[in-house]
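Okay, here's what each chain looks like letter by letter:
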Amino acid sequence: MNDFDSVRAYLTDLQDRICAAIEAADGGACFREDNWSREEGGGGRTRVLREGAVFEQAGIGFSDVSGNRLPPSASAQRPELAGASWRAVGVSLVFHPRNPCVPTTHANVRHFRAERDGETVAWWFGGGFDLTPFYPFDEDVLHWHRVARELCEPFGGQQRYDAHKRWCDDYFFLKHRNETRGVGGLFFDDLHGDFERDFAYLRAVGDGFLDAYLPIVERRKDTPHGEREREFQLYRRGRYVEFNLVYDRGTLFGLQSGGRAESILMSLPPRVRWEYGYAPQAGSDEARLADYLRPRDWLTELA
């Protein structure tokens, strides 16, 4: 098995394991799978769980796609790859829970390789995970970042965590709102120092996601809430839509490279609302969220 096939095998297994764990946590619905192919090259399998007991919608997709020319969003950033053929494989997920006290979450792990005249001219790994609460609990935020910090330990420890946490804060930032998308996590791209070590880090991030997220789901899924909390959740989901459609590079790459729109846009919430000039009541639980939508040293401040 060559290097690329090893990554592919890990990612398909990761999708299977996460689906099984989320179905068990939900207890009320199962994932439906769509297998799809892409005319230019490759395909994937998209799995979506809808109207579950815990998750209003949970989507997780595996893709293995290829082409002979990079889309504009990618070639502009890497002009040295002009004219190279490419192949990209990855798993991406976004989970939208029912209960407003359970955070929305996103994770992605991916591998990219480009060739020209039969020779590899570039390869890299990318990925990460981030958390978007509507009603934040310090215990949850601390747990999320402790797991992120612990999985970084064999790969540079605090230095790796600090760098990829900061990258996450910078990437998942809505400039037009002057706020982060949530409380962050880890984000990395263009990791290409040593294949085996970088692949091991990718696996640590992929495997660490469930350790970071499922305990939060278990703690919050039965938290009492009412119409006010539900309406706030739907309003804040609008920020998720804004980021994915305006800033997210994966969305742009997928659409510009001729990807399957239904799979690319599965990250969008099933229900959402916008409200002109919304301002939470001072001192309310809704107003409290603003203090969490900025880069912070969570492990120091909340410990």
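Look a little higher up for the structure.
Owing to the predicted nature of the structure, the values given are computational and were not obtained by experimental measurement.

A. View of the overall build of the protein chain. Along the protein chain, the regular secondary structure elements total 10 helices and 9 strands. A compact globule built from 303 residues should have a C-alpha radius of gyration of about 19 Å, and the protein chain, at 19 Å, falls within 12% of that. Counting only C-alpha atoms, the protein chain reaches 60 × 40 × 40 Å along its principal axes. Across the 303 residues that make up the protein chain, the buried fraction comes to 54%.

B. Focus on the pattern of salt bridges. Evaluated as defined, the whole model comprises 34 salt bridges. With its nearest N and O atoms 2.9 Å apart, the salt bridge here joins Asp-16 to Arg-45. Here the residue Asp-16 occupies a position in helix α1 (residues 3–26), and Arg-45 occupies one in strand β2 (residues 42–50), the gap between them amounting to 29 residues. Overall, the relative accessible area of 35% leaves Asp-16 in the partly exposed class. The exposure class of Arg-45 is buried, given its relative accessible area of 17%. Here Arg-38 and Glu-40 are joined by a salt bridge, their closest N and O atoms 3.1 Å apart. In this structure Glu-40 comes out as partly exposed when scored by relative accessible area, which is 43%. Shared partners join several salt bridges into a network, and the residues in it are Glu-51, Glu-56, Arg-98, Arg-230, Arg-237 and Arg-271.

C. Spotlight on the pairing of strand β5 (residues 104–116). Of all the 13 residues making up β5, 10 are buried; the element is thus mostly covered by neighbouring parts of the structure. Here strand β4 (residues 85–97) runs beside β5; their pairing, made up of 11 bridges, is antiparallel. Of the residues in β5, the one forming a bridge with Ser-85 is Glu-115. Linking two consecutive strands that pair antiparallel, namely β5 and strand β6 (residues 119–132), is a turn of 2 residues; a positive phi of about 55 degrees is found at Asp-117 within it.

D. Fine view of the sheet that holds β5. Taken in spatial order, the 7 strands of this open sheet run β1-β2-β3-β4-β5-β6-β9, and their pairing is antiparallel. Here the strands that pair on one side only, and so sit at the sheet edges, are β1 (32–37) and β9 (184–191). Direction aside, the axes of adjacent strands within the sheet are offset by 5 degrees on average. Against the sheet, helix α6 (residues 227–246) engages β3 (55–67), β4, β5 and β6, with an angle of about 165 degrees to β4.

E. Representation of the environment of Gly-52 within the structure. Inspection of the secondary structure puts Gly-52 in the loop between β2 and β3. Overall, Gly-52 belongs to the buried group, its relative accessible area being 6%. It is 38 Å that separates the C-alpha atoms of Gly-52 and Trp-123, two residues lying 71 residues apart in sequence. Dropping the residues within four chain positions of it, Gly-52 is found in contact with Asp-26, Ala-29 and Arg-98.

F. Representation of helix α4 (residues 157–171). A rise of 1.5 Å per residue sets the reference length of α4, with its 15 residues, at 21 Å; its end C-alpha atoms lie 21 Å apart and thus fit the reference within 8%. Listed as buried for α4 are Gly-157, Arg-160, Tyr-161, His-164, Lys-165, Cys-168, Asp-169 and Tyr-171.

G. Molecular detail of the pairing of β2. Of all 9 residues making up β2, 7 are buried, and the element is well covered by its neighbours. Following β1, the chain reverses through 4 residues before pairing antiparallel with β2; Gly-41 in that reversal takes a positive phi of roughly 155 degrees. Across 9 bridges, β2 lies against β3 in antiparallel orientation. Within β3, the residue paired with Val-48 across the bridge is Gly-59. Counting the residues between successive antiparallel strands, the hairpin from β2 to β3 contains 4 residues, one of them, Glu-51, with a positive phi of roughly 55 degrees.

H. Inspection of the side chain of Asp-140 at higher detail. Mapped onto the fold, Asp-140 is located in helix α3 (residues 138–152). Residues contacting Asp-140, with those up to four places away along its chain left out, are Ile-216, Arg-219 and Arg-220.

I. Inspection of a nonpolar patch on the surface at higher detail. A surface patch of nonpolar side chains, amounting to about 320 Å² of accessible area, comprises Leu-245, Val-246, Leu-255 and Leu-265. Checked against the element boundaries, Leu-245 lands in helix α6.

J. Summary view of α6. If you check α6, its first and last C-alpha atoms are 29 Å apart, about what 20 residues at 1.5 Å a residue would give, namely 28 Å. By the criterion of burial, α6 is predominantly enclosed, with 14 of the 20 residues buried.

K. Here's a closer look at the side chain of Gln-15. Its place among the elements puts Gln-15 in helix α1. Ignoring anything within four residues of it in the chain, the contact list for Gln-15 reads Arg-45, Arg-47, Ile-60, Gly-61, Phe-62 and Val-91.

Thresholds applied
Residues numbered from 1 in each chain as written. Predicted model: local features only at pLDDT ≥ 70, side-chain atom pairs only at ≥ 80, totals over all residues. Heavy atoms only, no water. Helix = DSSP H or I, 4+ residues; strand = E, 2+ residues; numbered from the N terminus. Rg over C-alpha atoms; globule rule 2.2 N^0.38 Å. Buried < 20%, exposed > 50% of the residue type's maximum accessible area, 1.4 Å probe, protein only. Salt bridge = Lys/Arg side-chain N within 4 Å of Asp/Glu carboxyl O. Pairing = 2+ DSSP bridges. Axes fitted to C-alpha atoms, helices over the stretch in contact; angles between N-to-C directions. Contact = heavy atoms within 4.5 Å. Expected span 1.5 Å × (residues − 1). Patch = residues over 30% accessible without salt bridge, like charges linked within 9 Å, V, L, I, M, F, W, Y side chains within 5 Å. Areas by Shrake-Rupley, 256 points an atom, 1.4 Å probe, with all protein chains shown as cover.

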